[in-house]
Amino acid sequence: MTKGVASTLALMLVALPAQVSAAEERAFDVPRGTLSASLPQLSRQAGVSISVADAALWQADVKPVKGRMGVEAAIKRMLSGTDARVVRVSPTSWRIERRPPPPRLVRRDPSPRVTPLPRARPPANDMVAAVGDEIIVTASKTDLPHSRFAGVATRLDGDDLAFGGERGMDSILSRVATISSTHLGSGRNKLFIRGIADSSFTGPTQATVGQYLGDIRLTYNAPDPDLRLYDIDSVEILEGPQGTLYGAGSLGGIIRSVPKAPDPREMKLQAIAGVSATQHGEPGGDIAGIVNLPIGDDGHALRLVGYMLTDGGYIDNPLLGRNDVNRVHVRGGRGSFRFEAGDNWTVDLGGVYQAITSEDAQYADKNAPPLTRNSLVEQNARARYGLGTIVVQKDWDGLHLQSSSAFVSHRLFERFDAGKPGEESRILDQSNRTRMFVNETRLSRPFVDGFGWVIGTSFVDNSTRQQREFAISSLRAVVPGVTNDIREVTGYVEGTIEIMPSLIASAGARISHARLGGEAEGVPFAVALAGRATTAHRTETDLLPSASLLATPFDNVRVYVRYQEGFRPGGLAVDGNFVRRFRNDQVRTWEGGLRFGEKGRTPFDANISLSHTRWRDIQADFIDANGFPTTANIGDGRITSLSGAIAFRPMASLSFDLGAVYNHSRVDELSAQILPVFTMAPARLGRIPNVASHAFRGSVTYVAPVGHDAELRFNGWANYVGPSRLGIGPVLGEGQGDYVDTGIALRLGTEHRGLSLTLTNLFDALGNRFALGTPFVEGGAGYITPLRPRTIRVAVDVSY
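Note that the coordinates shown come from a computational prediction; the quantities given were computed from them, not determined experimentally.

### Things to note about the overall build of the protein chain
A count of helices and strands for the protein chain gives seven helices and 44 strands. Taking the intrachain contacts of the protein chain between residues at least 6 apart in sequence as the baseline, contacts between residues at least 24 apart amount to 68%. As displayed, the protein chain has an accessible area near 31800 Å², and 59% of this comes from carbon and sulfur atoms.

### Thoughts on the nonpolar core
The biggest cluster of nonpolar side chains holds 23 residues, and the ones touching the most others in it are Leu-35, Leu-42, Ile-75, Leu-79 and Ile-96. Per element, the largest residue contribution to this core is five residues, and it comes from helix α3 (residues 71-79). Other than its neighbours up to four places away in sequence, Ile-96 contacts Leu-35, Leu-39, Ile-50, Ser-51, Val-52, Ala-53, Leu-57, Ile-75, Leu-79, Ala-84 and Arg-85. In terms of nonpolar packing, the next biggest core, distinct from the first, is built from 17 residues, Leu-213, Ile-216, Leu-227 and Ile-486 among them.

### Quick word on the sheet that holds strand β16 (residues 253-259)
With respect to topology, five strands assemble into an open sheet ordered β10-β15-β16-β13-β14, the strand pairing being mixed. Each of the sheet's edge strands pairs with one partner strand only, and the pair in question is β10 (153-157) and β14 (216-217). Inspection of the sheet shows strand β15 (residues 232-239) paired to β16 by seven bridges, in the antiparallel sense. When the sheet's bridge partners are listed, Val-235 is paired in β16 with Ser-257.

### Structural notes on the packing of aromatic side chains
What the rule picks out here adds up to six aromatic pairs. Residue placement shows Arg-373 over the ring face of Tyr-363; its charged tip is 4.7 Å from the ring centre. The ring of Phe-163 carries Arg-713 above its face, with NZ or CZ at 4.0 Å from the centroid.

### With respect to the pattern of salt bridges
Applying the stated rule across the entire model yields 40 salt bridges. Here Glu-440 makes a salt bridge to Lys-141, at a shortest N to O gap of 2.5 Å. Placement of Glu-440 in strand β25 (residues 426-448) and of Lys-141 in the loop between β8 (136-137) and β9 (144-145) is noted, with a sequence separation of 299 residues between them. Lys-141 carries the same exposure label as Glu-440, and that label is buried. Of the charged contacts, one joins Asp-233 and Arg-155 as a salt bridge, the two residues approaching to 3.6 Å between their closest N and O atoms. With Asp-233 in strand β15 and Arg-155 in strand β10, this pair connects stretches of sequence that are 78 residues apart. Judged by relative accessible area, which is 19%, Arg-155 ranks as buried. When salt bridges that share partners are traced, they join Lys-141, Asp-215, Glu-236, Arg-256, Glu-440 and Arg-442 into one network.

### Remarks on the environment of Tyr-492
Relative to the assigned elements, Tyr-492 resides in strand β27 (residues 475-500). For Tyr-492 and Pro-545, which are 53 residues apart along the polypeptide, the C-alpha to C-alpha distance reads 9.5 Å. Look past the residues within four positions of Tyr-492 in its chain and what remains in contact with it is Lys-141, Thr-244, Leu-245, Glu-440, Arg-442, Val-454, Ile-455, Gly-456, Thr-457, Ala-509 and Arg-510. At 2.9 Å, the side chain of Tyr-492 forms a polar contact with the side chain of Glu-440.

### Examining the confidence of the model for the protein chain
Taken residue by residue, the protein chain gives an average pLDDT of 85. The fraction at 70 or more is 86%. Taken as a whole, residues 1-23 scores under 50 in pLDDT and shows 106 contacts with residues more than four places along the chain or in a different chain. Of the regions scoring below 50 in pLDDT, residues 679-684 engages in eight contacts with residues more than four places distant in sequence or in other chains.

### Quick word on the layout of surface pockets
Put simply, the second largest pocket is a space of about 570 Å³. Secondary structure elements with two or more residues in the lining of the second largest pocket: α2 (35-46), β28 (503-521) and β29 (535-554). It is α2 that contributes the most residues to the lining of the second largest pocket, three residues altogether.

### Topic: the side chain of Glu-239
Here Glu-239 shows up in strand β15. With a relative accessible area of 4%, Glu-239 lands in the buried category. A polar contact of 2.8 Å, which involves the side chain of Glu-239, links it to the side chain of Thr-178. Not counting the four nearest positions on each side in its chain, Glu-239 is found in contact with Val-152, Thr-178, Ile-193, Arg-194, Gly-252, Gly-253, Arg-562 and Ser-643.

### Some words on the packing of α2 against α3
Relative orientation of the contacting elements α2 and α3 amounts to 165°, with a least axis distance of 11 Å. Compared by their axis directions, α2 and α3 come out roughly antiparallel. For α2 against α3, the interelement crossing comes out right-handed. Residues Leu-35, Ser-38, Leu-39, Leu-42 and Ala-46 of α2 form the contact with α3, whose participating residues are Val-71, Ala-74, Ile-75, Met-78 and Leu-79.

### Some details on the pairing of strand β19 (residues 300-311)
As paired elements, strand β18 (residues 284-295) and β19 share 11 bridges and run antiparallel to each other. Note that in β19 the partner of Asn-292 across the bridge is Arg-303. Pairing of β19 with strand β20 (residues 328-342) involves 11 bridges; the strand directions are antiparallel. Pairing of Asp-311 across the sheet is with Val-328, part of β20.

The rules behind each value
- Residues numbered from 1 in each chain as written.
- Predicted model: local features only at pLDDT ≥ 70, side-chain atom pairs only at ≥ 80, totals over all residues.
- Heavy atoms only, no water.
- Helix = DSSP H or I, 4+ residues; strand = E, 2+ residues; numbered from the N terminus.
- Contact = heavy atoms within 4.5 Å.
- Areas by Shrake-Rupley, 256 points an atom, 1.4 Å probe, with all protein chains shown as cover.
- Core = buried A, V, L, I, M, F, W, Y, C linked by side-chain atoms within 4.5 Å.
- Buried < 20%, exposed > 50% of the residue type's maximum accessible area, 1.4 Å probe, protein only.
- Pairing = 2+ DSSP bridges.
- Phe/Tyr/Trp six-rings, centres within 6.5 Å; stacked < 30°, edge-to-face > 60°.
- Lys NZ or Arg CZ within 6 Å of the ring centre and 35° of its normal.
- Salt bridge = Lys/Arg side-chain N within 4 Å of Asp/Glu carboxyl O.
- Polar contact = N/O pair within 3.5 Å; in protein donor to acceptor, adjacent residues only side chain to side chain.
- pLDDT = per-residue confidence, 0-100.
- 1 Å grid on protein atoms, 1.4 Å probe; cavity = no way out; pocket = protein on both sides within 12 Å on 5 of 7 lines; lining within 4 Å.
- Points joined across faces, edges and corners; volume = space filled by probe spheres on them.
- Axes fitted to C-alpha atoms, helices over the stretch in contact; angles between N-to-C directions.
- Parallel < 35°, antiparallel > 145°, perpendicular 65-115°, else oblique.
- Left-handed = near helix turned anticlockwise from the far one by under 90°.

Shown next as structure tokens:
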């Protein structure tokens, strides 16, 4: 669970973490309404975290709050005249609960006084989420309560993700069965949700999953930057498509990480340090620091995060006489400054930088001794990611205005072994440089009194340049690369209305206009002089509608149906000495689902979802006839996905979570332009790659009080990833997956100090997470990417 009351209640907060004290005055403008409608507005205007401990209170009528006052005074004014009261549970959060009835005077007969026996101390309230608290889906952009959201939305608490050691995207993958990934290496992977996957390595195609830090888009057509999740409040996953609200590149859905905001109330310091030992490998370590600094007396604050990690290697390369060659170093930081400009205006300035250095590749030879690869090339990789942001917000008259802008610089260098067995070494160096500017401005009416809406615009300017060099001994030659540019302007609108108490409808649309251009890099002089097929420009316009219905036929039972579309714009890909255009692709998804109970509010909750997707003109990367990766529209396909999750809490200190997904996919008809490349039997061409046909996950969490203010927390998990195919084409048609990953984590300590122990891959399983060693060597069937061997980590954390 979490550290302390404030952290635990984050599972069911109605707003961002607290940012002001009770005494600090703020301007409020919250209209009269029900508690469920008014509380999110007050929480956001105050910048505090407020939970509700009794579900029946959500329907209580509350009074308006206007004027300048302290946070606690504002909550009390809103609750005046009701049978609810506010309780401050920590320096940074409040809880609304039912007011206890007045004591009754009862006449008793005189009796001898009996000294009561000492009572055992009850479990602390900060051990588990309090029943009755509601989860708000902030990624809906209208603060829609989860109970009124038609779709699959998963919220992961940031402290839960960090428990047992920060593992970046792997922490999310181990907790959500519907998310999958390639495993080329940290900072080089592609993410997939709900079986919508295109290829094994990053080409010029846009990602199928949108990744966000707060409301800032992190990537466009670059791999997952694998930002470390230190000091994160929560991670929200919306299964897709999410084209109406999030536009291009959200075919599978979106992953939104929400960092903890600067707190102007008090200074806070936190440090985490750990050491690890890997069986069959070398040791590693990690260290991180978090600082929160109030600036002045006007509500300004600065929050800084810094970290360094080293993952010890475990792959041996006898051909070079080296052991444990695949060591990985990560260093990075994040900063955010909050400026309270007055009159409910807030300005947040932020920055992120992260550097990942992989000393060698993560794969091994399939037919060699375990954890061994014979290669004449050190296949190192470097990823450098930088982000600068500015977010401006204002609340007034029940409306919320927000404008988010960011500039992204993302560089990735990769070295591949392109030699053949028995021949001298050959090297293929590939560099990708991405520059992106994004802005989204939106005006929303949070869901209040059964009605909410959002209208917004978005602008993206993205340029990606791919360069390649081929080397044999001391000779080097430039291999054609490509530059892709896109400018995209969009407008969108979505509204949600409660037609009747048991029926909610949503509808929206997004229109996008994109201008695409590009040119070949490093083509032969004669081809460049002729200008043939080395440049291309075009425009395209796409309309993405959406609609949903959610019904509540019985208490704690909800049924929904949803229709949504998504797309990715086209682009240019290298084809020999020329560039080739590929068209945009589009998905159309029908989804239906059933939910029982509410996460964090009932002892048992479950959900099941069935979706069917038609995917037109699938963009995918494959190996061409020359042995190089290229991109094309491979054909049309369809995907059926069935997923479900169950959570059970038999007692306040014990909880169980189970999740599963089944995917059935097929490429209906291959595109004529890639048929000459394929020599396999048709039966092996039909399955969409890189997504397991089925996957399961389970976890158990137990928390017990120790002494006066300490607790022992235990978490254990097991994940099974079923079989899948590597990719499209004869070289990439190999199998992978079909393995089990396990782990346990323990922490003993208080809110401010703790000692942790983590053990992963309990049975030291080998597995095969990814079958792509290097795409430039014939006989790709000889590669596996194993699980990290059994690893133990011991860590301490302190905060002041």
